[in-house]
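Each chain is listed here by its residues.
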Amino acid sequence: GEDVEQSLFLSVREGDSSVINCTYTDSSSTYLYWYKQEPGAGLQLLTYIFSNMDMKQDQRLTVLLNKKDKHLSLRIADTQTGDSAIYFCADSRPAGFQKLVFGTGTRLLVSP
Amino acid sequence: DTGVSQDPRHKITKRGQNVTFRCDPISEHNRLYWYRQTLGQGPEFLTYFQNEAQLEKSRLLSDRFSAERPKGSFSTLEIQRTEQGDSAMYLCASTAGQGHWGYTFGSGTRLTVV
């Protein structure tokens, strides 16, 4: 199946850590991505992880991948109000080209 | 290079009319993708070009939809006889090739069919 699932909503206070979770079903996924979408805008690539890695850190962002459970998470440290957006996870299918399958998105609301 | 450009940003059309959207990818990117995003959902794949060749089309792309990339640079997506169900954000993305780069998305064209 092509399902990529995420929780719909997360609310945190400024300065706290945020953890956004994602599950996927396709074991052939090669790269997994996190994208950010602000209102009325396209998607901005935040970070990615190769499927043979289990962790990647990039400044305030930490990606954890549990390939056995097909579970991906994005941790944002010291969350700021500017981090309020919708976050999408996506996996890439080796279909001869790089087709991305996106989750439904998690809306992150950061309150002061 | 200013990234992936899409035009127009917004389009309101009456049901039954034809509409055409344009995408200008990053100049050195040979792969171009169209996705559709409806409210509250993630983007869904529509079609893919490598240079000027359209190599993959989703089942979502009905006969009313056609996409072209005539010179391997900009691309157009046309919807004929629009229906209210076509209302969505149409996103274009480009990439230089396989690997971890991910896509660079444009800001999208929001279509409203009334």
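Before going into details, it helps to say that this report is about the structure given with it. (Residues numbered from 1 in each chain as written. Chains lettered and ligands numbered in written order. Predicted model: local features only at pLDDT ≥ 70, side-chain atom pairs only at ≥ 80, totals over all residues. Heavy atoms only, no water.)

1. A short note on the state of the cysteines
Residue and element names in this part refer to chain B.
Okay, so step 1: Scanning all chains against the criterion turns up two disulfides over all chains.
Okay, so step 2: Covalent S-S linkage joins Cys23 and Cys92, the inter-sulfur distance amounting to 1.8 Å. Looking down the S-S bond of the Cys23 and Cys92 bridge, the torsion is -70°, so its handedness is left-handed. Linking Cys23 in strand β3 (residues 19–24) with Cys92 in strand β9 (residues 88–95), this pair joins segments that are 69 residues apart in sequence.
Okay, so step 3: Residue classification places Cys23 among the buried positions, given a relative accessible area of 0%. (Disulfide = S-S within 2.5 Å. Helix = DSSP H or I, 4+ residues; strand = E, 2+ residues; numbered from the N terminus. Buried < 20%, exposed > 50% of the residue type's maximum accessible area, 1.4 Å probe, protein only.)

2. Considering the pattern of salt bridges
All names here are of chain B.
Okay, so step 1: Overall, the coordinates contain five salt bridges over all chains when judged by the stated rule.
Okay, so step 2: Here Arg22 makes a salt bridge to Asp24, at a shortest N to O gap of 2.7 Å.
Okay, so step 3: Given a relative accessible area of 33%, Arg22 falls into the partly exposed group.
Okay, so step 4: Taking relative accessible area as the criterion, Asp24 reaches 28% and is therefore assigned partly exposed.
Okay, so step 5: A salt bridge links Arg64 to Glu83; the nearest nitrogen and oxygen atoms lie 3.4 Å apart. Within this pair, whereas Arg64 is found in the loop between β6 (53–57) and β7 (65–68), its partner Glu83 is found in the loop between β8 (75–79) and β9, the two being separated by 19 residues in sequence.
Okay, so step 6: The exposure class of Glu83 is partly exposed, given its relative accessible area of 42%.
Okay, so step 7: One network of salt bridges, with partners in common, ties together Arg64, Glu83 and Asp86. (Salt bridge = Lys/Arg side-chain N within 4 Å of Asp/Glu carboxyl O.)

3. As for the interface of chain B and chain A
Okay, so step 1: At the junction of the two partners, chain B supplies 24 residues and chain A supplies 19 residues.
Okay, so step 2: Summed over both sides, the interface between chain B and chain A buries roughly 1,700 Å², with carbon and sulfur atoms accounting for 57% of that surface.
Okay, so step 3: Counting every contact that joins chain B to chain A gives zero salt bridges.
Okay, so step 4: At the boundary of chain B and chain A, one finds four residue pairs in polar contact (both at pLDDT 80 or more).
Okay, so step 5: Going through the elements one at a time, β4 (31–37), β5 (44–50) and β9 of chain B are the ones with two or more residues in the side of chain B that touches chain A.
Okay, so step 6: The greatest single-element share of the side of chain B that touches chain A, amounting to four residues, is contributed by β4(B).
Okay, so step 7: Tallied by class, the residues present in the side of chain B that touches chain A amount to nine nonpolar, twelve polar and three charged. (Contact = heavy atoms within 4.5 Å. Buried area = accessible area lost by both parts, 1.4 Å probe. Polar contact = N/O pair within 3.5 Å; in protein donor to acceptor, adjacent residues only side chain to side chain. Nonpolar A, V, L, I, M, F, W, Y, C, P; charged D, E, K, R; others polar.)

4. Observations regarding the sheet that holds strand β3 (residues 18–24) of chain A
Sheet strands line up and pair through hydrogen bonds in the backbone, either parallel or antiparallel.
All names here are of chain A.
Okay, so step 1: Read across the open sheet, the five strands follow the order β1-β3-β8-β7-β6; overall the sheet is antiparallel. Each edge of the open sheet is held by one strand with a lone partner, namely β1 (4–6) and β6 (55–58). For this sheet, the mean inter-axis angle between neighbouring strands, taken without regard to orientation, is 15°.
Okay, so step 2: Here strand β7 (residues 61–66) pairs with strand β8 (residues 71–76) via six bridges, running antiparallel. Considered in β8, the bridge of Leu65 is made with Leu72. (Pairing = 2+ DSSP bridges. Axes fitted to C-alpha atoms, helices over the stretch in contact; angles between N-to-C directions.)

5. Observations concerning the sheet that holds β7(B)
Residue and element names in this part refer to chain B.
Okay, so step 1: Strand order in the open sheet made by the four strands is β1-β3-β8-β7, with antiparallel pairing throughout. Of all the strands in the sheet, just β1 (5–7) and β7 have a single pairing partner and so form its edges. On average, each strand axis in the sheet is tilted by 15° relative to the strand beside it, whichever way the strands run.
Okay, so step 2: As defined by bridge partners, β7 adjoins β8 across four bridges and the pair is classed as antiparallel. Counterpart to Phe65 in the pairing with β8 is Ile79.

6. Details of the layout of surface pockets
Okay, so step 1: Size it by volume and the second largest pocket reaches roughly 430 Å³.
Okay, so step 2: Lining the second largest pocket are 22 residues; nearest its centre among them are Gln37(A), Ile86(A), Arg107(A), Gln37(B) and Gly40(B).
Okay, so step 3: Elements that contribute at least two residues to the lining of the second largest pocket include exactly β9 (85–94) and β11 (106–111) of chain A. (1 Å grid on protein atoms, 1.4 Å probe; cavity = no way out; pocket = protein on both sides within 12 Å on 5 of 7 lines; lining within 4 Å. Points joined across faces, edges and corners; volume = space filled by probe spheres on them.)

7. Some details on the packing of aromatic side chains
Okay, so step 1: Applying the stated criterion to the full structure yields 17 aromatic pairs over all chains.
Okay, so step 2: For the ring pair Tyr31(A) and Tyr33(A), a centre distance of 6.4 Å and an interplane angle of 40° mean the geometry is tilted. A single burial state applies to Tyr31(A) and to Tyr33(A), both of which are buried.
Okay, so step 3: Taking the centre distance of 4.2 Å and the plane angle of 20° together, the rings of Tyr33(B) and Tyr103(B) count as stacked. Of this pair, Tyr33(B) sits in strand β4 while Tyr103(B) sits in the loop between β9 and β10 (104–105), placing them 70 residues apart in sequence.
Okay, so step 4: In this structure Tyr33(B) comes out as buried when scored by relative accessible area, which is 0%. (Phe/Tyr/Trp six-rings, centres within 6.5 Å; stacked < 30°, edge-to-face > 60°.)

Just geometry here; none of it tells us what the structure is for.
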